[in-house]
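Next come the chains, spelled out residue by residue.
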Amino acid sequence: MSKQLDASQTIERFGVSRTLWRVGVICFFALLACVGGCLSLVNGSTDIPLKEIMGILAAPGTDPNSMIIWNIRLPRTIVAALVGINLALSGAILQAILRNPLADPHLIGISSGAGVAGVVIMILYPSLEYLIAPVSFIGAMVAAVCIYILAWKNGIKPVRIILAGVAVSAFLSAGISGLMIFYSDRVHGALTWMVGGLAARSWPHVSIILPYAVIGVVLALASAAYLNVLQLGDEMARGLGINIEVTRIVLTAIAALLAASAVSVVGLLGFVGLVVPHAARLLVGSDYRYLLPASAFLGIATITMSDTFARVVFAPIEIPVGIIMAFLGAPFFLFLLRREI
Amino acid sequence: MSAIIKAQNICVSINDKEIVHNLSLEIPEGKVTAIIGPNGCGKSTTLKALSRILPYKGSVTFKGNEMTSFSQREFAKCLAILTQSPQAPSDLTVNDLVEMGRFPHRGFLGRGGKDDKEHVEWALEQTGVKAMRSRLLNTLSGGERQRAWIAMALAQRPEVLLLDEPTTYLDICHQLEIMQLIVRLNQELGLTVVMVVHDLNHAIMYADHVVVVKAGRLVTSGAPREIITSDLLADVFRVKADEFTLSNDLRALVPVDLYK
């Protein structure tokens, strides 16, 4: 009897210990990420069997399929995976430091900053389109720094960052809307970019995002213990020896770099940064030592699968991945939320 | 009586408003000190300044060294604070919480030393929460939860433990339980305790030293049995109180009316 009582009050899930459950979920997400990657390589305007792909990856040839895999599919899959990792980790970090479930990369100005920069280039200087990634990266970081400075008053309070973020984003969004209305004949490319898409992303984009992804992942995983303690609130965290101001600036910077590098490559992909960490949290809990890897893998799986779907479902017409993700992901997330497993 | 913490003329402001004015106090080493005073008098603010949660002007020394000369992390190994109603994620277990107390001792990447586990076990045992270590924090009763938080603070292995109203929201049984735990930790481990308390009878019964604060200034300090009198209650709280002698020969004060 007493044993039964214990079991109901402890934290076992489906009869397995919590650690085992968490590791299991992470492994499952990793598997999902692999499946997503494979699907993304296999499917497209010409279907290439996985076996042939393995052969091509091992020994690249000069036949058309090799060209497709090496020049189109593989880099696109890698970009998708890296974007998934970056946005998911960025959202997970921001949710801890701002202690707000609605925190995501949008909130610290990443999207609006990148959006203004990108739209200005696309609409006013279309000849400079090759500069979109670096310029929107700069735009994103400038907006994030502005929000941080505007929210600063004897230190940073999470609520002030959130409110400053909302205000700055509204201001910049007005600029984007204004530009799109004045130059409504050139809006098409900008619109696609605002939704976020992976069409025609290739090796140059990989090289833009890869360094940030590597640095960001290492730093994020190294800061898991800090993120855990930050969840106890500023005062307790300070009492436990954390220098709150420095930690918050460093972690916000990591989150901003991760998100800005992703957004500058694929456009304003929303949703992943908000929902993936939440979905991961529902399954593995809020211990960041587990939550960060789980979010990263789930981010890869989400984007690679959504992108594959976006390419295949109305082929040969390709839908921007952002639309697919919101259409499929939002209901799925609501389902998770209702079940609260 | 040697002082482990000495504050000299400290001023503490919150949002540009000075709450504590030129306050000086000494915390005796190895004793239980109670800080008492009316609501909004700056008790908690003082406690937060002493723990470096809030910035202050003036000088506070810990064992003779200026408090600001310690790094935040080094300081967290000497002094632990438990704030009033701290927050925690909903899926945190008692064990998870107590492990967080090891944070200042752990290296980069959160790796603990060889004795890391022993300190966690020790803290769980000292506070009697070992049996509920794998339970979620929010399934515990108020008293159990408070003991779990105290266990977290103990896992820091501090020399000084600061507690901000540790018995608020608890029933009288759990209030006494927490107070007796605090006194035992003080007597058995030689832990210096500083606590903000509202119940003056707790201060009389459990504290060795009392600091009285009103409107951000020090009123008086000394042995609680001498200082806490009906005159002090009239002066500091504007309350008329009757004095009784208890079965354990201590004095108790019961407020009966307000002074207009």
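Everything below is about the structure shown above.
Residues numbered from 1 in each chain as written. Chains lettered and ligands numbered in written order. Predicted model: local features only at pLDDT ≥ 70, side-chain atom pairs only at ≥ 80, totals over all residues. Heavy atoms only, no water.

(A) Molecular detail of the sheet that holds strand 5 (residues 65–66) of chain B. Residues and elements named next belong to chain B. In spatial order, the strands read 2-1-4-5; together these four strands make up an open sheet with antiparallel pairing. The sheet terminates laterally at strand 2 (17–28) and strand 5, the two strands that pair on one side only. Across five bridges, strand 1 (residues 3–14) lies against strand 4 (residues 57–62) in antiparallel orientation. Looking at the pairing, Cys11 lines up with Lys57 of strand 4. (Pairing = 2+ DSSP bridges. Helix = DSSP H or I, 4+ residues; strand = E, 2+ residues; numbered from the N terminus.)

(B) Fine view of the side chain of Ser51 of chain B. Residues and elements named next belong to chain B. By the secondary structure assignment, Ser51 is in the loop between helix 1 (43–50) and strand 4. Judged by its relative accessible area of 3%, Ser51 is buried. A distance of 3.0 Å separates a polar side-chain atom of Ser51 from the backbone oxygen of Lys48. (Buried < 20%, exposed > 50% of the residue type's maximum accessible area, 1.4 Å probe, protein only. Polar contact = N/O pair within 3.5 Å; in protein donor to acceptor, adjacent residues only side chain to side chain.)

(C) Looking closely at the pattern of salt bridges. Applying the stated rule across the entire model yields 21 salt bridges over all chains. Of the charged contacts in the structure, one is a salt bridge between Asp96 of chain B and Arg18 of chain A, with a shortest N-O distance of 2.7 Å. Taken together, the positions of Asp96 of chain B in helix 3 (residues 94–100) and Arg18 of chain A in helix 2 (residues 18–42) put the pair across two chains. The class of Asp96 of chain B is buried, set by a relative accessible area of 17%. (Salt bridge = Lys/Arg side-chain N within 4 Å of Asp/Glu carboxyl O.)

(D) Local environment of the interface of chain B and chain A. Across the boundary between the two partners, chain B contributes 34 residues, which contact 26 residues of chain A. Summed over both sides, the interface between chain B and chain A buries roughly 2,500 Å², with carbon and sulfur atoms accounting for 58% of that surface. On inspection of chain B and its partner chain A, the count reaches eight residue pairs in polar contact (both at pLDDT 80 or more). The set of elements that each furnish at least two residues to the side of chain B that touches chain A consists of helix 2 (72–78), strand 6 (79–82), helix 3 and helix 5 (142–155) of chain B. In terms of residue class, the side of chain B that touches chain A is built from 18 nonpolar, nine polar and seven charged. (Contact = heavy atoms within 4.5 Å. Buried area = accessible area lost by both parts, 1.4 Å probe. Nonpolar A, V, L, I, M, F, W, Y, C, P; charged D, E, K, R; others polar.)

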